[in-house]
Amino acid sequence: MFNFLKDKDRTPPALPEGTVRRRYVVSGRVQGVGFRYRARYAAGQLGLTGWVENEDDGTVTLEVQGDPALFARMFDMIAAGGYIQITGIRSQDVEPDPWARGFSVRGY
């Protein structure tokens, strides 16, 4: 009945050369000030994929994938929000996801 599923190509799409996926934990005044929505906007403008989520300890976790040269520009765009004050950023490289599409806000 579902033989068409067997014929489907499940090969992951090729990622552009130099694609990096990085997880950031951002501290400061980053919750309740529009950080997640500015991150989604900035990522969309720069063609980056990933997600952003508030944490219980007051930090924000952000996972972003794309050209690493654009990551600093994304943070500049986020920090341009008047109430956002980033005081610390920890980062960790993670395995790129070839299926990643768009940028989402988690934990509405």
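Predicted, not measured: the structure shown is a model, and the values here were computed from it.

Regarding the overall build of the protein
From N to C terminus, the protein includes 3 helices and 5 strands. Listing each helix as α and each strand as β along the protein from the N terminus yields α-β-α-β-β-α-β-β. Among the 108 residues that make up the protein, the fraction classed as buried is 36%. Within the protein, contacts between residues separated by at least 24 positions form 80% of all contacts whose residues are at least 6 apart in sequence.

What to know about the nonpolar core
Of all hydrophobic cores here, the largest spans 22 residues; its most connected members are Phe35, Val52, Leu62, Met74 and Ile78. For this core, the element with the most residues is helix H2 (residues 35-46), which contributes 5 residues.

Quick notes on the sheet that holds strand E3 (residues 60-66)
On the basis of which strands lie adjacent, the open sheet formed by 5 strands has the order E4-E1-E3-E2-E5 and mixed pairing. The sheet terminates laterally at strand E4 (85-94) and strand E5 (103-106), the two strands that pair on one side only. Here the strands of the sheet are splayed against their neighbours by 15° on average, with no regard to which way each runs. Helix-sheet contacts for H2 involve strand E1 (20-29), strand E2 (49-54), E3, E4 and E5, and the interaxial angle to E5 is about 170°. Packing against the sheet, helix H3 (residues 71-79) makes contact with E1, E3 and E4, and its axis sits at approximately 140° to E3.

Some remarks on the UniProt feature "domain: Acylphosphatase-like" (unreviewed entry) in the protein
The UniProt feature table records "domain: Acylphosphatase-like" (unreviewed entry) at residues 21-107. Counting secondary structure, residues 21-107 comes out at 24% helix and 41% strand; the distance between its end C-alpha atoms is 21 Å.

Side note on H2
The first and last C-alpha atoms of H2 sit 16 Å apart over 12 residues, in line with the 16 Å expected at 1.5 Å per residue. Within the span of H2, buried status applies to Phe35, Arg36, Ala39, Ala42, Ala43 and Leu46. Relative to the axis of H2, the buried residues are bounded by an arc of 125° and lie together on one face. Exposed residues lying more than 90 degrees from the buried face of H2 are Tyr41 and Gly44. Packing partners of the buried residues in H2 comprise E1, E2, E3, H3, E4 and E5. Once H2 finishes, Gly47 follows within two positions and takes phi at roughly 75°, a positive value.

Reading guide: rules and limits
Residues numbered from 1 in each chain as written. Predicted model: local features only at pLDDT ≥ 70, side-chain atom pairs only at ≥ 80, totals over all residues. Heavy atoms only, no water. Helix = DSSP H or I, 4+ residues; strand = E, 2+ residues; numbered from the N terminus. Buried < 20%, exposed > 50% of the residue type's maximum accessible area, 1.4 Å probe, protein only. Contact = heavy atoms within 4.5 Å. Core = buried A, V, L, I, M, F, W, Y, C linked by side-chain atoms within 4.5 Å. Pairing = 2+ DSSP bridges. Axes fitted to C-alpha atoms, helices over the stretch in contact; angles between N-to-C directions. UniProt positions renumbered as here; feature names shortened; annotations may be inferred. Expected span 1.5 Å × (residues − 1). Arc of directions from axis to C-beta.

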